[in-house]
Amino acid sequence: MLVNCAAYQHGEKLADIGVEEIPRYISRENCFVWVALREPTTPELVTMQKLFNLHPLAVEDASHGHQRPKLEEYGDDLFVVLHLIEPDGENLTKGEISIFVGHNYVLSVRRNAEQGFADVRARSEREPDLLKHGPAYVLYALMDSAVDRYFPILEGLAVGIDSVEERIFAGETSRETIEALYELKRRIIVIEHASEPLIEVTGKLHGGRVPALCVSLQDYFRDVHDHLLRLNRSINHLREAISTAVTVNVSFISVQENEVVKRFAGYGALVAIPTMIAGIYGMNFQNMPLLHSRVGFSVTIGVMAVMDIYMYYRFRKAGWL
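Below you will find a few notes about this structure.

Calculation notes
Residues numbered from 1 in each chain as written. Predicted model: local features only at pLDDT ≥ 70, side-chain atom pairs only at ≥ 80, totals over all residues. Heavy atoms only, no water. Helix = DSSP H or I, 4+ residues; strand = E, 2+ residues; numbered from the N terminus. Buried < 20%, exposed > 50% of the residue type's maximum accessible area, 1.4 Å probe, protein only. Contact = heavy atoms within 4.5 Å. Pairing = 2+ DSSP bridges. Axes fitted to C-alpha atoms, helices over the stretch in contact; angles between N-to-C directions. Salt bridge = Lys/Arg side-chain N within 4 Å of Asp/Glu carboxyl O. Patch = residues over 30% accessible without salt bridge, like charges linked within 9 Å, V, L, I, M, F, W, Y side chains within 5 Å. Areas by Shrake-Rupley, 256 points an atom, 1.4 Å probe, with all protein chains shown as cover. Parallel < 35°, antiparallel > 145°, perpendicular 65-115°, else oblique. Left-handed = near helix turned anticlockwise from the far one by under 90°. Nonpolar A, V, L, I, M, F, W, Y, C, P; charged D, E, K, R; others polar.

Focus on the overall build of the protein
Stage number 1. Broken down by element type, the protein carries ten helices and seven strands.
Stage number 2. Relative to its full complement of 321 residues, the protein shows a buried share of 42%.
Stage number 3. Taking the intrachain contacts of the protein between residues at least 6 apart in sequence as the baseline, contacts between residues at least 24 apart amount to 63%.

Some words on the sheet that holds strand S7 (residues 105–111)
Stage number 1. The sheet built from seven strands is open, its strands ordered S2-S1-S3-S7-S6-S5-S4 with mixed pairing. A strand with exactly one partner marks an edge of an open sheet, and here the two such strands are strand S2 (12–16) and strand S4 (70–74). Here the strands of the sheet are splayed against their neighbours by 20° on average, with no regard to which way each runs.
Stage number 2. Judged from the four bridges that link them, strand S1 (residues 2–9) and S2 form a sheet pairing that is antiparallel. Bridge pairing in S2 links Ala6 to Asp16.

A word on unusual backbone geometry
Stage number 1. The backbone of Asn30 sits at a positive phi, close to 55°, despite the residue not being glycine.
Stage number 2. As for its position among the elements, Asn30 is in the loop between helix H1 (22–26) and strand S3 (31–38).
Stage number 3. Even without glycine at this site, Asn112 takes up a positive phi of about 55°.

What about the pattern of salt bridges?
Stage number 1. Tallied over the full model, the rule gives 15 salt bridges.
Stage number 2. A salt bridge links Arg123 to Asp144; the nearest nitrogen and oxygen atoms lie 4.0 Å apart. In this pair, Arg123 sits in helix H4 (residues 118–125) while Asp144 sits in helix H6 (residues 135–148), placing the two residues 21 residues apart along the sequence.
Stage number 3. Residue class for Asp144 comes out buried when judged on its relative accessible area of 6%.
Stage number 4. In this structure, Arg187 engages Glu183 in a salt bridge whose closest nitrogen and oxygen atoms are separated by 3.3 Å.

Some remarks on a nonpolar patch on the surface
Stage number 1. The grouping of Val295, Val299, Val303 and Met307 at the surface amounts to a nonpolar patch, some 290 Å² of accessible area in total.
Stage number 2. With respect to the secondary-structure elements, Met307 resides in helix H10 (residues 296–318).

Here's the deal with the packing of helix H7 (residues 150–169) against helix H8 (residues 175–206)
Stage number 1. Between H7 and H8, the shortest axis-to-axis distance is 10 Å and the interhelical angle comes to 160°. Comparing their axes, H8 and H7 come out roughly antiparallel. Like other packed secondary-structure pairs, H7 and H8 cross with a definite hand, here left-handed. Counted together, Tyr150, Ile153, Leu154, Leu157, Gly160, Ile161, Val164, Arg167 and Ile168 of H7 and Glu176, Thr177, Ala180, Leu181, Leu184, Arg187, Ile188, Ile191, Ala194, Ser195 and Leu198 of H8 form the full contact between these two elements.
Stage number 2. Within the contact of H7 with H8, the residues separate by chemical class into 14 nonpolar, three polar and three charged.

Some remarks on the pairing of S3
Stage number 1. Counting buried residues along S3, seven of its eight residues qualify, which places the element largely inside the surrounding structure.
Stage number 2. Here seven bridges tie S1 to S3, and the two strands are oriented antiparallel to one another. The residue of S3 that forms the bridge with Asn4 is Ala36.
Stage number 3. As judged from the six bridges shared by S3 and S7, these two strands associate in the parallel manner. Directly across from Val33, in S7, lies its bridge partner Tyr105.

A look at the environment of Met307
Stage number 1. Among the residues examined, Met307 registers a relative accessible area of 33% and is labelled partly exposed.
Stage number 2. Taking C-alpha positions, Met307 is 8.6 Å from Pro274, a pair spaced 33 residues apart along the chain.

Any link to function would need more than the numbers given here.
Right, here's the structure in full:
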């Protein structure tokens, strides 16, 4: 459906317009139209293709969705795909926005994402000096907003990792802890797949052979590029933190298992000594110490008790029991 359609000239908003009025405005000098669509139907995209002379391959990508973040040039026009990551309870949902940019138009197509870009449009309209740069500034504003939305999600994942680490050091080392760490790792990978390709995209917009539409805004795209590099470093740090947490968790489990083995070994030794003595006296030899003595049984039990008490003392001192 059509979310918004407005015409701008010299950085100022002229009016909210209908689709049928678009040809009249894009024919004006220094004027461009900014159209926002959400979950558009095929006829709506076909209409936009005819109005803005969009490349068929770009329209096909925008129609089907599920594209990798990318930048493509079709003559003087640009086609950019961004992933939109939104929290949904304990999960992350992945949406997509396809942006068509020409010298007199900007068309954004949003799919599978609840949060729109009305705030970006409002901010751009409050900055006419920047909006004078035309569609290229709108592209920058949309990219900057999409990238900025990744940071709060990443901060939430960092808090989640800290929480799991606290549980690990509190002794809660279990299968659920490992599963929680790998779930956090899966969410980090979702953000990484959305942001990492954009490093190359923004690199093309501020260095080397910059598209003609974006020449005057290289510094702004460089700023988005820097944000992505910082985001990528944070992702790497979180991945290392998760790997370390998994290793520590496994180490604690091994330590706990060793403690159990030591306790079993200690108790086994306490049982083994009486068993050995009783086994010797159960061999029924004729000549054995205290075999026919009236105090033989008491002495034997006393020896077993003394040896077990001594072994128990030694094991407790060594920390085995």
